[in-house]
Amino acid sequence: MRPLYIFFFVSVDLAHRFMVNMPALEHMNQILHILFVFLPFLWALGTLPPPDALFLWAMEQVLEFGLGGSSVSTHLRLLVMFIMSAGTAIASYFIPSTVGVVLFMTGFGFLLSLNLSDMGHKIGTKSKDLPSGPEKHFSWKECLFYIIILVLALLETSLLHHFAGFSQISKSNSQATVGYGLMILLIILWILREIQSVYIIGIFRNPFYPKDVQTVTVFFEKQTRLMKIGIVRRILLTLVSPFAMIAFLSLDSSLQGLHSVSVCIGFTRAFRMVWQNTENALLETVIVSTVHLISSTDIWWNRSLDTGIRLLLVGIIRDRLIQFISKLQFAVTVLLTSWTEKKQRRKTTATLCILNIVFSPFVLVIIVFSTLLSSPLLPLFTLPVFLVGFPRPIQSWPGAAGTTACVCADTVYYYQMVPRLTAVLQTAMAAGSLGLLLPGSHYLGRFQDRLIWIMILECGYTYCSINIKGLELQETSCHTAEARRVDEVFEDAFEQEYTRVCPLNEHFGNVLTPCTVLPVKLYSDARNVLSGIIDSHENLKEFKGDLIKVLVWILVQYCSKRPGMKENVHNTENKGKAPLMLPALNTSPPPKSPEDIDSLNSETFNDWSDDNIFDDEPTIKKVIEEKHQLKDLPGTNLFIPGSVESQRVGDHSTGTVPENDLYKAVLLGYPAVDKGKQEDMPYIPLMEFSCSHSHLVCLPTEWRTSCMPSSKMKEMSSLFPEDWYQFVLRQLECYHSEEKASNVLEEIAKDKVLKDFYVHTVMTCYFSLFGIDNMAPSPGHILRVYSGVLPWSVALDWLTEKPELFQLALKAFRYTLKLMIDKASLGPIEDFRELIKYLEEYERDWYIGLVSDEKWKEAILQEKPYLFSLGYDSNMGIYTGRVLSLQELLIQVGKLNPEAVRGQWANLSWELLYATNDDEERYSIQAHPLLLRNLTVQAAEPPLGYPIYSSKPLHIHLY
């Protein structure tokens, strides 16, 4: 940057030396000699813009005020739009026909105001960032609508321009009549827009806006009339106003003669603004028409300037006046709050305030100069020391919006919310609830612990491009202080009943002005204390019995829905009898003997004791490692209900098993066999299902292997609820069969072999989850197993070698915990049917797991109605339950002072890049309830800010 400025200064000096008799160059050289001395000071303060920022800023200003365009969402789009707009203005100068010029300006003005980038996409495709929102590309209906509008605009322009050429008197009278109509239209549109928001001009409470709105139902009831008014406003703004302004421009006398450069530039901008920014164009046209009607025709304004240039100058004045008011309000807020807010006072505050008052004319000069350059007003370290920031485009960060964000676990909540929020924003923006839509406007949304930052990047005819950011949910002290003030501002606006007709906005000095509330379908986050439930001895005692029932239900449901079951039963029916139950080829490691259990390292139990302190989201030990599945090796394992299965020592070739091996098994309690020796094993008869349809709910073969001591299995088998098992089977939906469905299910339920398999698998899983003791579990045990950390037992390896079964067992454990909480809250379960309803609801509408799980994020994105997670608050020593509920709730939205945001972002850039002050506790990022300084810093584009979510530019259609 520095060599560029030095090169410019030297070039001017050399040009002055070699080119004489040029007074303008001489004066410029003298001024630059004075500025050259101050270059180090200007560089140190960051006042001189970098070349790229200066180039983009100049293009943006020319595009917006010289060519009638809009600030755009990307730098490449800005360059392309600038070239096309400039080419339109230049081409219009070379068209010889006046009718041709008017038609050319009207047509290209309309086309350039559309979202042309959308037209290049295929019809019906959707954006990845907005899978279900309103960001859709052009359909044939929209294309037809735009073609009809374009044809009508061209027809109107040509007819009125032709009519204006006949009589000068009728033309001037007609233009004046249209001007009066535009005045009435402007007043109507302003009234219809203001009554859509909670405050009129940000000061007076709107008497037509719904009062005390806290629920979606009440809001919809009271909002119906305003929505109808919004539709009327949109029709007037989209269809009536553009054609009325085209009529005003087409009747102008400046278009009748030979066109000059000023006419081409002025009217190219005017015909573009009619579509690009209809509300501002209407205001500018009414001002020009009013001045022309009330002033003399001999004044310089009417005599020397054509209507196009008048509109251009009025547009610049309008923009700079709005900027000046916003900057002045921002400066006054910074100055006053530095003294009135106790936490903002410093030792130098009084001195700075006095200096600002004494040198107030110089402060005003700085604000005016900043306004003229359209550059941010930079409060140094956010203190009342004001500088002129260097000119920069509205998109003052490199790259497109939404390319980077500080992604964390909470980002998924914004991913789910944004598509639905954008759909609702479409309606609110079209109705005018968010006020005048201008590029560079910022809005803040609030719901529970979520803060949504919305920035308008680009506006055009029936579309608006926005960027949505999500701020962090883990609130710091500064974040909390400002969020509390945001809540107060919104509560005073939306949740209070006022006795007066038009009460004043008590937070007028705040940079946030409430606008409206938006009904959005999103997750409500509720956290409950489970003390008295999870630590109740009675509840924990019932928990163990309920777990067996839930395990049975989940395994039966899983097996009945396994792919391939239907084919198996068809094959069985065709054969006419059930096949023999052959054992699975398995190479599971032999079970640990009681001596092995006794000699287990005590450290294992110490790591798994109740003395551990849990965090809210406990770190899950990697107890469960992925087991490599070995290929089938020689040797077979045969499960005998009530016995232990061990690996038989043998040496047979792979794939060939002698027939006698199918009847051999090693039973627990026989003497150990030395390596290399074998003893004859007793023959066990083959088992077959008594029902040919039992394959419908048959457990996978690998789950039938045994690892439990026979004594333990017999002891725990008595806990198996056979009546519940049969009831669950009878509730299944039977596959197609020639026999009656109820008879088939009855036969399956009475199959003892199938029942023995379920007893073995269910009780082994039960034993794995509770360990070797058959005592009531502790709350710490519940939390550990819920988190996936299982106690050691002889069945642990057996279970972890079967990942699918392990996940089903863990799922059953979590369902049982939720069932225990529901029973404690809603009352006991009366019968089996009610229990099944509970379990079916969990399966259908709930995700019960850990917040840290990937499936938790998937469930949110799939919009599961409810999510539940168990946690532990180590600071308070309490167990907590977190429930997310998907429902339609109200998001409160307010508009921020755009110059306050630009000024604080400019200071952030200056402080980090020029002053290199990256102290995390620096003054400029501390909480400021009126300026919302900490939230504003968060919302800046990375690397300066740190939003946890940032969307790509989202194009919203406003109709």
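Just above, that's the structure.
Just so you know, these numbers come straight off a predicted model, no measurement behind them. (Residues numbered from 1 in each chain as written. Predicted model: local features only at pLDDT ≥ 70, side-chain atom pairs only at ≥ 80, totals over all residues. Heavy atoms only, no water.)

Peer 1: Let's hear about the nonpolar core: which residues, and what values?
Peer 2: Grouped together as the largest cluster of nonpolar side chains are 85 residues, with contacts concentrated most on W724, Y758, M763, F813, L817, F868 and L870. Once you skip the residues sitting within four places of it in the chain, W724 turns out to touch K549, V552, W553, F832, L835, I836 and L839. If you look at the next biggest cluster of nonpolar residues, it comprises 47 residues, including F104, L249, F267 and L305. (Core = buried A, V, L, I, M, F, W, Y, C linked by side-chain atoms within 4.5 Å. Buried < 20%, exposed > 50% of the residue type's maximum accessible area, 1.4 Å probe, protein only. Contact = heavy atoms within 4.5 Å.)

Peer 1: Pulling in residues and values, what's your account of the pairing of strand 13 (residues 954–957)?
Peer 2: Residues L954 and I956 line one face of strand 13 and the alternating positions H955 and H957 line the opposite face, and both faces are buried. As paired elements, strand 7 (residues 463–470) and strand 13 share 4 bridges and run antiparallel to each other. Within the sheet, the bridge partner assigned to C464 lies in strand 13 and is I956. (Helix = DSSP H or I, 4+ residues; strand = E, 2+ residues; numbered from the N terminus. Pairing = 2+ DSSP bridges.)

Peer 1: Tell me about the environment of S477, residues and numbers included.
Peer 2: Of note, S477 is situated in helix 18 (residues 477–494). The class for S477 is exposed, based on a relative accessible area of 62%. In this structure the C-alpha to C-alpha distance between S477 and Q926, which are 449 residues apart in sequence, comes to 9.2 Å.

Peer 1: Explain unusual backbone geometry residue by residue, including any values.
Peer 2: The linkage connecting P942 with the following residue, P943, adopts the cis geometry, with an omega of 10°. Its location among the elements puts P943 in the loop between helix 33 (933–939) and strand 12 (949–950). Even without being glycine, E863 reaches a positive phi, approximately 60°. Residue position: E863 is located in the loop between helix 31 (854–861) and strand 10 (866–873).

Peer 1: Explain a negative patch on the surface to me, using residue names and the numbers behind them.
Peer 2: Together, D918, D919, E920 and E921 give the surface a local cluster of negative charge. Within the secondary structure layout, D918 lies in the loop between helix 32 (898–914) and helix 33. (Patch = residues over 30% accessible without salt bridge, like charges linked within 9 Å, V, L, I, M, F, W, Y side chains within 5 Å. Areas by Shrake-Rupley, 256 points an atom, 1.4 Å probe, with all protein chains shown as cover. Salt bridge = Lys/Arg side-chain N within 4 Å of Asp/Glu carboxyl O. Lys, Arg positive; Asp, Glu negative; His and termini not counted. Charge placed at Lys NZ, Arg CZ, Asp CG, Glu CD.)

Peer 1: Quick one: what's the story with the packing of aromatic side chains, residue by residue and with numbers?
Peer 2: Counted by the stated rule, this structure contains 34 aromatic pairs. Measuring from ring centre to ring centre gives 5.1 Å for W275 and Y461, while their planes differ by 85°; the resulting arrangement is edge-to-face. With a gap of 186 residues between them, W275 in helix 11 (residues 261–276) and Y461 in the loop between strand 6 (450–460) and strand 7 connect regions that are remote in the sequence. Judged by its relative accessible area of 1%, W275 falls in the buried class. The class for Y461 is buried, based on a relative accessible area of 2%. (Phe/Tyr/Trp six-rings, centres within 6.5 Å; stacked < 30°, edge-to-face > 60°.)

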